[in-house]
Amino acid sequence: MKRGGSMRYAPLRRQLAAYAGRWPPEAGTTAAFVDLLEDAGNPFVRERLAGHFTGSAWVVGAGGDRTLLTHHRKLGRWLQPGGHADGDADLARVALREAEEETGVAGLRLEAAAIFDLDRHWIPERDGLPGHWHYDVRYVVRAGADERFVVGEESHALAWRPVAEIAADPAADASLRRMAGKWLSRPREP
């Protein structure tokens, strides 16, 4: 099949279709991510400056009521852990890897291969690299019993924050508030 055909990046296509079914109000956002998959170039490498995929983790504690955020060194904001795919089309794997690398929390596990959230955001010019779009695909990653973290070189700090506080905090990043709301409204298992 040709590169732009429906078999190209089939697992991510299925995840995006499932996400669109769960979040119909986000149809425009989902369509932009599908359009990126249709691009003839590789959308999983950071050298594609028109925009490229990144993977992030909504890291939740064992109890599910807190999330682990990083005070991002380059962006100077509290965000979820995440980063560039660097050629890896398995964005769930990218999200887990980035969470492990950026937090140092032992025993992290991917909650599911389902997309938790999508966010397209502009990264401003920095260190000679032109501004560009990140198409961030986010997955839920859960910590085990040991929630101790290690602050790495990409962060000023890390902190566990109550999800309910983030959802209610007007000063929090809009995408963090959206994810907090999604997490709080998710169906709970009996």
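Scroll up for the structure.
What comes next is a walk through the structure.

What counts, and at which threshold
- Residues numbered from 1 in each chain as written.
- Predicted model: local features only at pLDDT ≥ 70, side-chain atom pairs only at ≥ 80, totals over all residues.
- Heavy atoms only, no water.
- Buried < 20%, exposed > 50% of the residue type's maximum accessible area, 1.4 Å probe, protein only.
- Helix = DSSP H or I, 4+ residues; strand = E, 2+ residues; numbered from the N terminus.
- Pairing = 2+ DSSP bridges.
- Phe/Tyr/Trp six-rings, centres within 6.5 Å; stacked < 30°, edge-to-face > 60°.
- Lys NZ or Arg CZ within 6 Å of the ring centre and 35° of its normal.
- 1 Å grid on protein atoms, 1.4 Å probe; cavity = no way out; pocket = protein on both sides within 12 Å on 5 of 7 lines; lining within 4 Å.
- Points joined across faces, edges and corners; volume = space filled by probe spheres on them.
- Nonpolar A, V, L, I, M, F, W, Y, C, P; charged D, E, K, R; others polar.

1. A look at the pairing of strand β7 (residues 132-142)
For step 1, the next point in the chain: When you tally the buried positions in β7, you get ten out of eleven residues, the bulk of the element.
For step 2, the next point in the chain: One ladder, built from nine bridges, connects strand β1 (residues 52-60) with β7; its direction is parallel. When the bridges of β7 are listed, Ala 57 appears paired with Tyr 139.
For step 3, the next point in the chain: Judged from the two bridges that link them, strand β5 (residues 109-110) and β7 form a sheet pairing that is antiparallel. Counterpart to Arg 109 in the pairing with β7 is Arg 142.
For step 4, the next point in the chain: The sheet contact formed by strand β6 (residues 117-123) and β7 spans seven bridges and is antiparallel. When the bridges of β7 are listed, Ile 123 appears paired with His 132.

2. Some points on the packing of aromatic side chains
For step 1, the next point in the chain: Under the criterion given, the structure shown has eight aromatic pairs.
For step 2, the next point in the chain: The interplanar angle of 65° and the centroid separation of 6.2 Å between the aromatic rings of Phe 53 and Tyr 135 together place this pair among those described as edge-to-face. Of this pair, Phe 53 sits in strand β1 while Tyr 135 sits in strand β7; the two residues are 82 residues apart in sequence, bridging distant segments of the chain.
For step 3, the next point in the chain: On the basis of relative accessible area, Phe 53 is assigned to the buried category, the value being 0%.
For step 4, the next point in the chain: Seen from their ring centres, Phe 116 and Trp 183 are 6.2 Å apart, and the 75° between their planes marks the pair as edge-to-face. With Phe 116 in the loop between β5 and β6 and Trp 183 in helix α5 (residues 174-185), this pair connects stretches of sequence that are 67 residues apart. Each member of the pair, Phe 116 together with Trp 183, is buried.
For step 5, the next point in the chain: Taken together, the ring pairs in this structure connect Tyr 9, Phe 33, Phe 44, Phe 53 and Tyr 135 into an aromatic cluster.
For step 6, the next point in the chain: The ring of Trp 133 carries the charged tip of Arg 120 above its face, separated from the ring centre by 3.6 Å.
For step 7, the next point in the chain: In this arrangement the basic side chain of Arg 186 is found over the ring face of Trp 183, its NZ or CZ atom lying 3.6 Å from the centre.

3. So, unusual backbone geometry
For step 1, the next point in the chain: Located in the positive-phi region is Asp 86, a residue other than glycine, with phi close to 50°.
For step 2, the next point in the chain: Along the chain, the position of Asp 86 falls in the loop between β4 (82-84) and α3 (91-103).
For step 3, the next point in the chain: Residue Asp 86 is classed as partly exposed on the basis of its relative accessible area of 46%.
For step 4, the next point in the chain: One non-glycine residue, Asp 127, lies in the positive phi region at around 50°.
For step 5, the next point in the chain: Relative to the assigned elements, Asp 127 resides in the loop between β6 and β7.
For step 6, the next point in the chain: On the basis of relative accessible area, Asp 127 is assigned to the exposed category, the value being 69%.

4. Side note on the layout of surface pockets
It is a probe the size of a water molecule, rolled over the atoms, that shows where empty space is left.
For step 1, the next point in the chain: Its volume calculated, the largest pocket comes out at about 910 Å³.
For step 2, the next point in the chain: Lining the largest pocket are 38 residues, and of these His 72, Lys 74, Leu 75, His 84 and His 134 sit closest to its centre.
For step 3, the next point in the chain: Contributing elements (two or more residues each) for the lining of the largest pocket: β1, β4, α3, β6 and β7.
For step 4, the next point in the chain: For the lining of the largest pocket, the class distribution of residues is seven nonpolar, twelve polar and 19 charged.
For step 5, the next point in the chain: In this structure, the second largest pocket encloses a volume near 480 Å³.

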